[in-house]
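# Analysis of the macromolecular model
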There are 2 protein chains.
Amino acid sequence: MAERTPLTPEEVQEHLSKLPDWSTDGDAITRTFRFKSYKDGIAFVNGVANAAEAADHHPDMALGYRRVVVTLTTHDAKGITQKDFALAAEIDGLV
Amino acid sequence: MAERTPLTPEEVQEHLSKLPDWSTDGDAITRTFRFKSYKDGIAFVNGVANAAEAADHHPDMALGYRRVVVTLTTHDAKGITQKDFALAAEIDGLV
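Residues numbered from 1 in each chain as written. Chains lettered and ligands numbered in written order. Predicted model: local features only at pLDDT ≥ 70, side-chain atom pairs only at ≥ 80, totals over all residues. Heavy atoms only, no water.

## A word on the overall build of chain A
Each helix and strand in chain A was counted, giving three helices and four strands. Starting at the N terminus, the α and β elements of chain A follow one another as α-β-β-α-β-β-α. On the principal axes, the C-alpha backbone points of chain A span a range of 40 × 25 × 20 Å. A distance of 9 Å separates the average location of the 10 positive side-chain charges in chain A from that of its 15 negative side-chain charges. (Helix = DSSP H or I, 4+ residues; strand = E, 2+ residues; numbered from the N terminus. Lys, Arg positive; Asp, Glu negative; His and termini not counted. Charge placed at Lys NZ, Arg CZ, Asp CG, Glu CD.)

Spelled out as structure tokens, the structure:
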């Protein structure tokens, strides 16, 4: 299954060039989102959760005050896959 | 103001004895909550967010799959205060 094959570092870089707010440590992709209010951040978390449930792919989220860090990886593939970039693009569409 | 005076380590331990699911690293108190479903975890996050807004005191939350780690500290006091334990007790009441 393609979903279980991690992308190569070159493929990851190619995808990242289209999602410039995301970065990688090699094992996952991450983006920090900042908000005007705490409630805006919570609304965003709910939007990400809805997208995650629809995709059956669940990012880690770190919620601070008016700040949410989203981290995506594909555990089955032990790396970054197309699924992560698909959900990242959808999450970008929420803001 | 009492809110800006951190509790002593002895006071923190006394409070923790009443909230046995919480632990401390000295600077903050933390508890890991586990859920049957991803949606249950998200509902909990919203409950915590409502309590946080009402208290004007905002914990950090780390959301994984069916798991939420809540961390409380009082930045103004550079330590743990009564406010943290008050909100921790309220959060315990959500589950």
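## Re the confidence of the model for chain A
Predicted confidence across chain A gives a mean pLDDT of 95, with 97% of residues reaching 70 or more. Model confidence for the complex: the whole-complex pTM is 0.94, and ipTM, which rates the interface, is 0.92. (pLDDT = per-residue confidence, 0-100.)

## Focus: unusual backbone geometry
The residue Arg66 of chain A is not glycine, and still its phi comes out positive at about 60 degrees. The residue Arg66 of chain A is located in the loop between strand 3 (60-64) and strand 4 (67-72) in this model. According to the relative accessible area criterion, Arg66 of chain A is partly exposed, its value standing at 37%. Located in the positive-phi region is Asp56 of chain B, a residue other than glycine, with phi close to 50 degrees. (Buried < 20%, exposed > 50% of the residue type's maximum accessible area, 1.4 Å probe, protein only.)

## Re helix 3 (residues 82-92) of chain A
Residues and elements named next belong to chain A. Of the positions making up helix 3, those classed as buried are Asp84, Phe85, Leu87, Ala88, Ile91 and Asp92. Down the axis of helix 3, the buried set is contained in an arc of 165 degrees. They therefore lie on one face. In the core, the buried residues of helix 3 are packed alongside helix 1 (9-18), strand 2 (29-34), helix 2 (38-55) and strand 4. (Arc of directions from axis to C-beta. Contact = heavy atoms within 4.5 Å.)

## A closer look at the interface of chain A and chain B
Contact with chain A, which involves 16 residues of that partner, is made by 16 residues of chain B. Taken together, both faces of the contact between chain A and chain B bury some 1300 Å²; the carbon and sulfur share is 62%. Three residues stand out in chain A for area buried against chain B, namely Tyr38, His58 and Leu63 of chain A, and they jointly supply 38% of the buried area on that side. On the surface where chain A and chain B come into contact, there are zero salt bridges. (Buried area = accessible area lost by both parts, 1.4 Å probe. Salt bridge = Lys/Arg side-chain N within 4 Å of Asp/Glu carboxyl O.)

## Some points on the pattern of salt bridges
Side-chain pairs of opposite charge can arise where the charged atoms are in close proximity. All names here are of chain B. For the structure on display, the rule yields four salt bridges over all chains. Here Asp21 ties to Arg31 by a salt bridge, and the two come within 3.6 Å at their closest N and O atoms. With Asp21 in the loop between helix 1 (9-18) and strand 1 (23-24) and Arg31 in strand 2 (residues 29-34), the pair connects residues that are ten residues apart, well separated along the chain. According to the relative accessible area criterion, Arg31 is buried, its value standing at 15%.

## Some thoughts on the packing of helix 2 of chain A against helix 2 (residues 38-55) of chain B
Here helix 2 of chain A crosses helix 2 of chain B at 175 degrees, and the two axes come no closer than 11 Å. Regarding the angle of helix 2 of chain A to helix 2 of chain B, the classification is roughly antiparallel. Here helix 2 of chain A contributes Tyr38, Lys39, Ile42, Val45, Asn46, Ala49, Ala52 and Glu53 of chain A to the contact with helix 2 of chain B, which in turn contributes Tyr38, Lys39, Ile42, Val45, Asn46, Ala49, Ala52 and Glu53 of chain B. Each residue belonging to the contact of helix 2 of chain A with helix 2 of chain B can be placed in one class, and the counts come to ten nonpolar, two polar and four charged. (Axes fitted to C-alpha atoms, helices over the stretch in contact; angles between N-to-C directions. Parallel < 35°, antiparallel > 145°, perpendicular 65-115°, else oblique. Nonpolar A, V, L, I, M, F, W, Y, C, P; charged D, E, K, R; others polar.)

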